Amino acid sequence: MQYKSLLWENLASYELSVIPLFILMGALASHTKLAQDLFMGMNAILGRFPGGLCITAIGSCAGFGAVSGSSLATASTMGKIAYPELKKLGYSPRLATGTLAAGGTLGILIPPSVALILYAIVVEASIIEMFQAAVIPGLIAVLFFMLVIVVQVKLNPSIAPVSKPLSKEERNRALLRLIPVVLTFGSIILGLGLGLFTPTPAAAAGVFIIAMYGLFLRFKNGKGEGLTFDRMRDSLVETATTSAMLYFILFGAEVLKGFFSRSGLPQGIAEWAMTIQVSPWLVLIGILVIFIILGFFMDSMAMILVVIPFIWPVLININGGEYVSASSSAFGMNLDELKIWFGILSLIVIELGLITPPVGLNVFIISKIATDVPMMETFKGVFPFFSVEIVRIGLLLLIPPIVLIMPRLLAG
C-alpha cells in the first residue's frame, strides 16, 4: 500500500507535470519542422565563419535544446537535418559526426531542461533558480564548442570547405525562420527570470506558441505542412511513452532512496568522509570523477535519479550541515547555493557520459544517422569537445560565481 501511495504521489505531483509539457514542446518542435527552420536561420548568422556549417550545427543544437529540453532529442533531430548537408558539402566525417554528437549534449543543460527539472526535484532545489544558473555555463559551452571547430579548421582547412555565401534575400528569409524559436525560448526564459510565471505555466506557454505556429504553417502552406493531425498524434504518443518511462524511473529511484535511507549507507559514507580528514574539495572532485566513470556505463537520467540521492547527503555533511551559513561552510556557500552549484557541475559531468565509450548514447544516435561513418571515427571526433568540457568544469570549480551570479542577481 505504501508503494502505491508513493507511485500516486509521483503521478499527481504538480511539480512533475512540467516534464510532459516540456517533452511535448520538443516533440511538436520536431514534427512541425521548427528544427529545420532553426538550422537555416542559424546558418544565415554563423555560416560565414570557418567551419561555418558545423558552427551552425552547434548553434542549432543550443537553440533546439532550449525548446526540447532533451540531449537525445537534440542529437537525433539536428543530426537528421545537419548531417546530410555536412556530407553534401564535403565536411570531414570525423568533424561532422563529432560536432553533432557533442552538440546534442547541450540539451541537458540549456534551459529549460528535463534533466535540470529532475535534479531540482531530487535535491529539493528551486527549478527557476536552476534554470537561471544554467544560462551562463550553457553559453560558455556553446562558445567553447564553436572555438574547438574554428581551431580545428584553422589547423586543417581541408576538413571544412568554404560555404557559399547566401544572397541578401536568402539570408532575410532564413532569419525570419528564427522568430518562432526566439519567441518560444524568450517567453520562457524572460517569464521565469522576471517572475511572471512558474515552470509549469512556462512550459504550457511554450507548447501553445509552437502549436499555434504549426497550425499557422498548416493553413498558410496547405496540405502536408505544419501541424497535421498525424503529427499531433505522433507528438502526443511520443510524449506519453517518454513521460511514462521517466515517471517509472523516478518511482524506482524513490523506492531505492528509501532503502538507502534505512540502510544508513549515505550517512555512513558522509561520516567516513569527515573522519579521513581529506579536503572537501578533493571529495567533490572525487565525486565528479566517479560520475565520469559511471557515465561510461549508465544513462544520464538513471544517474540523476539513482546516484545523486546517494551522493547528496555526503556533500551536505562535508559542507557543514543543512543550516550552515556561507561564511562558515566548506565551499563558501549555503545549502541552497550548494544545490545549484553542484547541480550544474554534476549535470555537465553526467552529459559527458553521452559522448564517451562504450555507452555514449549520442554517439550511437549519430552513428545510426551517419551509417557511412565508423563509430570509432565519431568517438575520435568528440574528443576535442570532451577536452574543452573538462576545462569548463575546472572553470566552474575555481569560480563558483559563474554559476551563482544569475540566481543572486535575479533574487536581489
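Before reading further, recall that the structure is shown in the block above.
Residues numbered from 1 in each chain as written. Predicted model: local features only at pLDDT ≥ 70, side-chain atom pairs only at ≥ 80, totals over all residues. Heavy atoms only, no water.

S.K.: Please explain the overall build of the protein as it appears in this structure.
M.R.: Within the protein, the secondary structure is distributed over 19 helices and 0 strands. Across the 412 residues in the protein, those meeting the buried criterion constitute 52%. Here the analysis covers contacts within the protein between residues at least 6 apart in sequence; of these, 78% occur between residues at least 24 apart. Carbon and sulfur atoms form 69% of the exposed surface of the protein, whose accessible area is close to 18200 Å². (Helix = DSSP H or I, 4+ residues; strand = E, 2+ residues; numbered from the N terminus. Buried < 20%, exposed > 50% of the residue type's maximum accessible area, 1.4 Å probe, protein only. Contact = heavy atoms within 4.5 Å. Areas by Shrake-Rupley, 256 points an atom, 1.4 Å probe, with all protein chains shown as cover.)

S.K.: I would appreciate a short explanation of the packing of aromatic side chains in the present structure.
M.R.: Counted according to the given criterion, the structure contains 6 aromatic pairs. On the numbers, 5.3 Å between centres and 85° between planes, the contact of phenylalanine 145 with phenylalanine 385 is edge-to-face. Here the residue phenylalanine 145 occupies a position in helix α8 (residues 127–155), and phenylalanine 385 occupies one in helix α18 (residues 375–398), the gap between them amounting to 240 residues. Phenylalanine 145 gets classed as buried once you look at its relative accessible area, which sits at 0%. Residue phenylalanine 385 is classed as buried on the basis of its relative accessible area, which comes to 0%. Both rings, one in tryptophan 281 and one in phenylalanine 331, keep their centres 5.1 Å apart while their planes meet at 85°; by these two values the pair is edge-to-face. Remark: phenylalanine 331 occurs in the loop between α15 (300–319) and α16 (335–352) and tryptophan 281 occurs in helix α14 (residues 280–295); sequence separation between them is 50 residues. Overall, phenylalanine 331 belongs to the buried group, its relative accessible area being 5%. (Phe/Tyr/Trp six-rings, centres within 6.5 Å; stacked < 30°, edge-to-face > 60°.)

S.K.: What's the story with unusual backbone geometry in this structure? I'm lost.
M.R.: Backbone geometry follows two general trends: most residues other than glycine have a negative phi, and most peptide bonds adopt the trans configuration. Positive phi is not limited to glycine here, since glutamate 124 has a value of about 60°. Within the secondary structure, glutamate 124 is located in the loop between α7 (114–123) and α8. Glutamate 124 gets classed as exposed once you look at its relative accessible area, which sits at 66%.

S.K.: Help me understand the packing of α7 against α15, please; the structure alone is not making it clear to me.
M.R.: How two helices sit against one another is set out by the angle between their axes and by the gap between those axes. Following both chains from N to C, one finds α7 and α15 inclined at 30°, their axes separated by 10 Å at the closest point. In terms of orientation, α7 lies roughly parallel with respect to α15. The two elements α7 and α15 meet at a crossing, and its hand is right-handed. Side by side, α7 and α15 meet where Val114, Ala115, Leu118, Tyr119, Val122 and Val123 of the first sit next to Met301, Ile304, Leu305, Ile308, Pro309 and Trp312 of the second. (Axes fitted to C-alpha atoms, helices over the stretch in contact; angles between N-to-C directions. Parallel < 35°, antiparallel > 145°, perpendicular 65-115°, else oblique. Left-handed = near helix turned anticlockwise from the far one by under 90°.)

S.K.: I would appreciate a short explanation of the environment of lysine 154 in the present structure.
M.R.: For lysine 154, the location among the structural elements is in helix α8. When the C-alpha positions of lysine 154 and glycine 51 are compared, they lie 8.9 Å apart, and in sequence the two are 103 residues distant.

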